[in-house]
Amino acid sequence: MKNYHVVIPAAGQGKRMKTGRNKQFLLIDHIPLLVHTLRVFEEDLLCSEIVLVVNQEEIAMMKDLMKEYSIAKVSHFVVGGKERQNSVHEGLKVLSGNPVVLIHDGARPFIRIQVIKELVASVEETGAAIVGVPVKDTIKQVNGTLVAKTVERNHLWSIQTPQAFYLKNILQAHETAVKQGYIGTDDASLMEYMNQPVSIIEGGYDNFKVTTPEDLLFAEAIIQKRKGEKES
Ligand SMILES: Nc1ccn([C@@H]2O[C@H](COP(=O)(O)OP(=O)(O)OP(=O)(O)O)[C@@H](O)[C@H]2O)c(=O)n1
Ligand SMILES: C[C@](O)(CO)[C@H](O)COP(=O)(O)O
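Residue positions are given per chain, counted from 1 along the sequence in the order it is written. To label them, take the chains in the order written and letter them from A, then take the ligands in the order written and number them from 1. Only residues with pLDDT of 70 or above have their local features reported here, since the model is predicted, and side-chain atom pairs are shown and tallied only from 80 upward, although totals for entire chains, interfaces and linings are computed over all residues. Computation of side-chain values: all heavy atoms of the structure, hydrogens and water removed.

Looking up the chain in an unreviewed UniProt entry gives the name 2-C-methyl-D-erythritol 4-phosphate cytidylyltransferase, with the organism given as Salipaludibacillus neizhouensis. UniProt positions are given in the numbering used here, feature names are shortened, and annotations may be inferred rather than shown by experiment. What the UniProt record of the chain gives under Sequence similarities (unreviewed entry) is the line "Belongs to the IspD/TarI cytidylyltransferase family. IspD subfamily." According to UniProt, the comment filed for the chain under the heading Catalytic activity (unreviewed entry) is "2-C-methyl-D-erythritol 4-phosphate + CTP + H(+) = 4-CDP-2-C-methyl-D-erythritol + diphosphate".

Structural data, given as structure tokens:
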């Protein structure tokens, strides 16, 4: 099983959370959201280093957080960009060689180390691998306030992170996207844009992205559930 590096984009604004600040600092069970996420990689023996992508004005706060919670694997604090894609690209640029690199949202605190292990095994086979879950709801295409059509659900997945690649391939994909002005909402879409194969493994429905206010309630519930798992 290979070691890997991880780029954690945490340079957003958290607008949909409606708190007026970066949601990475919001507390879940008295601990900042981002710290929950980083602890997974701090604990995973296969994780060699963490590249943390942050807002320029939050660098000092982020460094203080790493000290307070003994997150020792952060090798770089990189300033992000306007879009998530820009931030990830800035994070990838500080890495070298051609290691396996995972890209994982700072806002997804509930990824399990076992799923990461399966993802790393999958990327070694196909060159690119992502985590997702089959959608549970009916999905419809909507135009304005009218339903245009129902999308066939059997082949629809809700895509999560981590997303795993070999560094040279994903860097090439980002550089091509910049040259051609392509913006994707995830990194795998940049590989797809270059007609590269991407495999998928099933994660957990609890590996959700903390995005809107009610997600904080779900997050508190997951934390309590996992505390119970550890005690039993
Ligand atoms: N320019 C950006 C935008 C997003 N992100 C990060 O990418 C992840 C997924 O983005 P999202 O959930 O959309 O976070 P925000 O952009 O902060 O949220 P919003 O869209 O509600 O402002 C988050 O960890 C976020 O910090 C980033 O590093 N740089
Ligand atoms: C990368 C991602 O988490 C996969 O679902 C998602 O696309 C991020 O979207 P966001 O709008 O930047 O949160």
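The next subject is the overall build of the chain. Working definition: helices are DSSP H or I runs of at least four residues, strands are E runs of at least two. Numbering for both runs from the N terminus. For the chain, the helix and strand inventory stands at seven helices and 11 strands. Relative to the 2.2 N^0.38 estimate, which gives 17 Å for 232 residues, the radius of gyration of the chain is 18 Å and therefore close to what a compact globule would have. With respect to the three principal axes, the spread of C-alpha positions in the chain is 50 × 40 × 40 Å. Buried residues are those whose accessible area, probed at 1.4 Å on protein chains only, stays under 20% of the maximum for their type, while exposed residues exceed 50% and partly exposed ones sit between those limits. Split into buried and exposed, the 232 residues of the chain put 50% on the buried side. Put simply, 74% of the contacts in the chain that link residues at least 6 apart link residues at least 24 apart. Total accessible area on the chain is roughly 11,800 Å²; 53% of this is exposed by carbon and sulfur atoms. When charges are counted, Lys and Arg contribute as positive and Asp and Glu as negative, whereas His and the chain ends are disregarded. The location of each charge is read from NZ of Lys, CZ of Arg, CG of Asp or CD of Glu. Between the averaged position of the 27 positive side-chain charges in the chain and that of its 28 negative side-chain charges there is a distance of 3 Å. A radius of gyration in this sense is built from C-alpha atoms; the matching globule rule multiplies 2.2 Å by the number of residues raised to 0.38. We call two residues in contact when some of their heavy atoms are within 4.5 Å. Per-residue and other accessible areas follow the Shrake-Rupley method at a 1.4 Å probe size, with only the shown protein chains counted as cover for residues.

Moving on to the pairing of strand β6 (residues 100–103). Alternating positions in β6 separate into two faces, V100 and L102 on one and V101 and I103 on the other, with burial throughout. Across four bridges, strand β1 (residues 4–9) lies against β6 in parallel orientation. Looking at β6, one finds that V7 is bridged to I103. Paired strands, in this sense, are two strands between which DSSP finds at least two bridges.

Here the largest pocket is characterised by a volume of approximately 830 Å³. Using a grid of 1 Å spacing that covers the protein atoms alone, one calls a set of points a cavity when a 1.4 Å probe fits there but cannot get out, and a pocket when the set is open and has protein on both sides within 12 Å along at least five of seven lines; lining residues are those with an atom within 4 Å of a point. As for the largest pocket, its lining consists of 32 residues, of which G12, R16, K23, R84 and K209 are closest to the centre. Secondary structure elements with two or more residues in the lining of the largest pocket: α3 (84–93) and β10 (157–166). With four residues, β10 is the single largest residue contributor to the lining of the largest pocket. Residue polarity follows a fixed list, in which Ala, Val, Leu, Ile, Met, Phe, Trp, Tyr, Cys and Pro are nonpolar, Asp, Glu, Lys and Arg are charged, and the others, Gly among them, are polar. Residue classes in the lining of the largest pocket are distributed as seven nonpolar, 15 polar and 10 charged. Grid points are joined across faces, edges and corners, and a volume is the space filled by probe spheres set on the points.

Further remarks concern the sheet that holds strand β5 (residues 74–79). Working definition: the strands of a sheet are paired by backbone hydrogen bonds and lie parallel or antiparallel to each other. With mixed pairing, seven strands are arranged side by side in an open sheet as β5-β4-β1-β6-β10-β7-β11. The open sheet has two edge strands with one neighbour each: β5 and β11 (199–202). Between one strand and the next, the sheet's axes are offset by a mean angle of 25°, whatever the strand orientation. In this sheet, β11 lies alongside strand β7 (residues 128–134) in parallel orientation, the contact comprising four bridges. Paired with V131 across the two strands is I201, which belongs to β11. Every angle, taken between N-to-C directions, lies between 0 and 180 degrees, and every axis is a line fitted to C-alpha atoms, over only the stretch in contact when it is a helix.

Further remarks concern the site of ligand 1. Near ligand 1 there are 19 residues, and of these G14, K15, R16, K23 and S87 occur at the shortest range. Within the side chain of Q24, an N or O atom sits 2.9 Å from an oxygen atom of ligand 1. Between ligand 1 and K82 there is a distance of 3.0 Å, counted from a nitrogen atom to a backbone nitrogen or oxygen. Notes on ligand 1: free accessible area 560 Å², of which the protein chains cover 90%. Whether a molecule lies in a cavity or pocket depends on its atoms, and more than half of them have to be within 2 Å of the grid points. At a threshold of 2 Å from the grid points, most atoms of ligand 1 map onto the largest pocket. Whether a residue is near a molecule or strand depends on its heavy atoms: it is near if one of them lies within 4 Å of it. Counting of polar contacts relies on pairs of N or O atoms within 3.5 Å, with two restrictions inside protein: one atom must be capable of donating a hydrogen and the other of accepting it, and residues adjacent in sequence are counted only when both atoms are side-chain atoms.

In this section: helix α7 (residues 213–231). Helix span is expected to be 1.5 Å times the residue number reduced by one. If you check α7, its first and last C-alpha atoms are 29 Å apart, about what 19 residues at 1.5 Å a residue would give, namely 27 Å. By the burial criterion, the buried members of α7 are D215, A219, I222, I223 and R226. The arc that holds the buried residues of α7, viewed along the axis, is 105°, so those residues lie on one side. For α7, the exposed residues set more than 90 degrees away from the buried face come down to L217 and E231. Those residues of α7 that are buried are in contact with β2 (27–28) and α1 (33–43). Note: the arc covers the axis-to-C-beta directions of the helix.

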